[in-house]
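An overview of the molecular structure
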Amino acid sequence: MTDVTPPPTPQATPAKRWAYVIPVAAIMYMLAYLDRNNVSVILPYMHGDLELSNADKGLVGGIFFVGYVFLQIPAAILAQRWSARKTVLILMLAWGLAASLSGLVQTTSQFYVARFVLGFFEGGVWPAVLILLASWFPLRERARANALWMACLPLSSVLMAPLSGWMLDHASWRWVLVLQGVPPLVWAVVWWFAVADRPAQARWISRAEADHLERSIAADEAAKPTAGSGSYLDAVKQKSVLVLIGVYFFWITGFYGFNLWLPSVIKELTHGGSPTEVGLLTAIPFTVALVVMIANAAWSDRTGRRRQAVAVPLVVGIAALLLGQTVDGALPRMLLLCVTAAALYAPYGPFWAIPGRLLRFEVVAVAMGLINALGNLGGFAGPYLVGWLTDATGSSVTGFAVLAAFLAVAVALVVLGLRPSTPPVRELAGHPAEGARAATD
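Here's what I pulled together on the structure shown here. (Residues numbered from 1 in each chain as written. Predicted model: local features only at pLDDT ≥ 70, side-chain atom pairs only at ≥ 80, totals over all residues. Heavy atoms only, no water.)

Structural notes on the overall build of the protein chain
Note the cut-off: The helix and strand labels rest on DSSP assignments: H or I over at least four residues marks a helix, E over at least two residues marks a strand, and numbering proceeds from the N terminus. Residue contacts are defined here by distance: any two heavy atoms, one from each residue, within 4.5 Å place the two residues in contact.
Each helix and strand counted, the protein chain has 19 helices and zero strands in total. Restricting the contact set of the protein chain to residue pairs at least 6 apart, pairs at least 24 apart contribute 84%.

Structural data, given as C-alpha cells:
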C-alpha cells in the first residue's frame, strides 16, 4: 500500500471548465454577434429614414468586416503574451458603446463609419477567445469546445431575429440599436469574475483538474511539428496557413452573403410580413443550424476527420443555395434555407480545430488572427456582391449563384490544399491518437 495518489485518468478528472468557460464565452460572443447581425433584420424596415439602395445595404453589412481586420493579430498577441481575459474585457466595453452609438447616426456616411468602428472593436475578440480555449481544452476536445462556444453564432440569430423584429414593431430602429448595445456592458462584469486565463489561475477548478489539463496541453504542444525557427513569420508562411486563409475567405463570403440577406428573402416569401413575423421565421433556419453545427463537431472529434467535416457540409450548402433559386413555393424555399444555414454553420468547430493541431501555441495566436482577419474580408465581399448584383440585375438569383461559386472554391481548397501531410500526434493521456490520421484528415 502506498500514500502516493496516482494521477487522475481523463475519465475521472472533473470537467467544470465545460460549465464555466464555455457558457460565459458563448454568451459574451452571442452578444457580439447580435450587435453585428441585428442590422440584417433592421435594413428591410429602414424606409423613410436613411434612404439606402440594395448596394448601400450591402455596404452597411460588409464595411463592418473592413474594420474587423485591424485588431485581429494585435489582439491575438495581447491574448497570448498578456491576458486573453483582460483583452476581451476591454474590447467588450468598447464594442458595446460603439453599438449603442450607431443608433444615433444621422447620415448614410455616419452609418458606414459606425459600422466600421463596431467591426474594429469586435475584431479582436474571436482570436483572443480561441487563445483562451487553447489554454483550457486539449486537442482531443478542441472541436467540441470550439463548436459549443461558436454555437453562440446560430443561437444569437435564433434569439436576435425575433427580438429585433418585436422591438421594431414597438420602437424605431435607432432605439433597437441603442438598447442592444447595453447587454455587453453588463456581461463584462460576469466575464471578469468568471473567467481565468488558464486553469492554475481559476478559483473554481480543482487542483487535480488543473494539473491534468496542464499536462495534457503540454503533451499536445510537444507533439506538434516545429514551425521553422518558431517565429511568427515562419508560421504564417506555411502552406497550410495560407490555404486556411483561402478556405475561410471563400467560405465566409458565402456565409455572410447568405446571412445578411436571409431576412430580406423571408420577408419576400411572406409577401411583406411584419418585423415580428419575419424575425420569428428567420430564427427557424438558425435553430436547425445550431443542432447540425454541434453534431458535426462531435463527429469530427470522434473520428478526427476535420477535412470531411468542413468540405461535405459546404457541398450540401452549395446545392441547397442553388436549388433555392429554382424552386417555387414558400415551404420548399424555406426548407432549403434551413438546409443552407445548417450547412454553412456546420464547419465552424472542425475548421478552427485545425490551426491548433498544426501549430505550436507560441505561433498559433498570430496564425489564427491572420486567418480570421483576411478570411473575414469575405464578410465584406459577400453582402456587397449580393446587394450590388441585385441592383444591377433586378434579381437576387445572380448574387446567390456567385455565393455558391465562392463556396465551391472553398471546398476545392479543403480537398486539394489540406491533404494530410504532418505526422500523427502521439497517444495522449490514455486516449488513442487520431490513428495514423494526420492533422487535417
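That was the structure; now back to the text.
Some remarks on the environment of L78
Along the chain, the position of L78 falls in helix α3 (residues 72-101). With 50 residues separating them in the primary sequence, L78 and A128 have C-alpha atoms 7.9 Å apart. If we ignore the near neighbours within four places in the chain, the residues touching L78 are S83 and T87.

A closer look at the nonpolar core
Quick note on the threshold: Among buried residues, those of type Ala, Val, Leu, Ile, Met, Phe, Trp, Tyr and Cys that are joined through side-chain atoms within 4.5 Å constitute a nonpolar core. The buried label goes to any residue with under 20% of its type's maximum accessible area, the exposed label to any with over 50%, and the partly exposed label to all in between, with areas taken from a 1.4 Å probe on protein chains only.
Counting 125 residues, the largest nonpolar core has W126, W149 and Y348 as the members making the most contacts within it. Broken down by element, this core gets its largest block of residues, 17 residues, from helix α12 (residues 239-269). Not counting residues within four places of it along the chain, the set of residues in contact with W126 comprises Y29, Y68, W149, M150, L153, Y248, Y348, W352 and N372.

Quick look at the packing of α12 against helix α16 (residues 348-358)
Quick note on the threshold: Note on geometry: axes are C-alpha line fits, over the in-contact stretch for helices, and angles between N-to-C directions span 0 to 180 degrees. When describing relative orientation, an angle under 35 degrees is termed roughly parallel and one over 145 degrees roughly antiparallel, while 65 to 115 degrees is termed roughly perpendicular and anything else oblique. Here is the rule for handedness: rotate from the far helix to the near one, and if that takes an anticlockwise turn smaller than a right angle the crossing is left-handed, while a clockwise turn gives right-handed. Polar here means any residue other than Ala, Val, Leu, Ile, Met, Phe, Trp, Tyr, Cys and Pro, which are nonpolar, and Asp, Glu, Lys and Arg, which are charged; Gly is therefore polar.
Closest axis-to-axis distance for the α12/α16 pair is 11 Å, and the angle between their directions is 165°. Judged by the inter-axis angle, α12 sits roughly antiparallel to α16. By crossing handedness, the relation of α12 to α16 is classed as left-handed. In this structure, α12 uses S240, L244, V247, Y248, W251, I252 and F255 to contact α16, whose residues at the interface are Y348, F351, W352, I354, P355 and L358. Of the residues belonging to the contact of α12 with α16, the class tally is twelve nonpolar, one polar and no charged.

Remarks on the pattern of salt bridges
Definition in use: We define a salt bridge as a contact between a side-chain nitrogen of Lys or Arg and a carboxyl oxygen of Asp or Glu at a distance within 4 Å.
The full count for this structure, using the stated rule, is four salt bridges. Of the charged contacts, one joins R207 and D211 as a salt bridge, the two residues approaching to 3.0 Å between their closest N and O atoms. Of this pair, R207 and D211 are both found in helix α10 (residues 207-223), four residues apart, which corresponds to roughly one turn of the helix. When its relative accessible area of 48% is taken as the criterion, R207 is described as partly exposed. D211 gets classed as partly exposed once you look at its relative accessible area, which sits at 28%.

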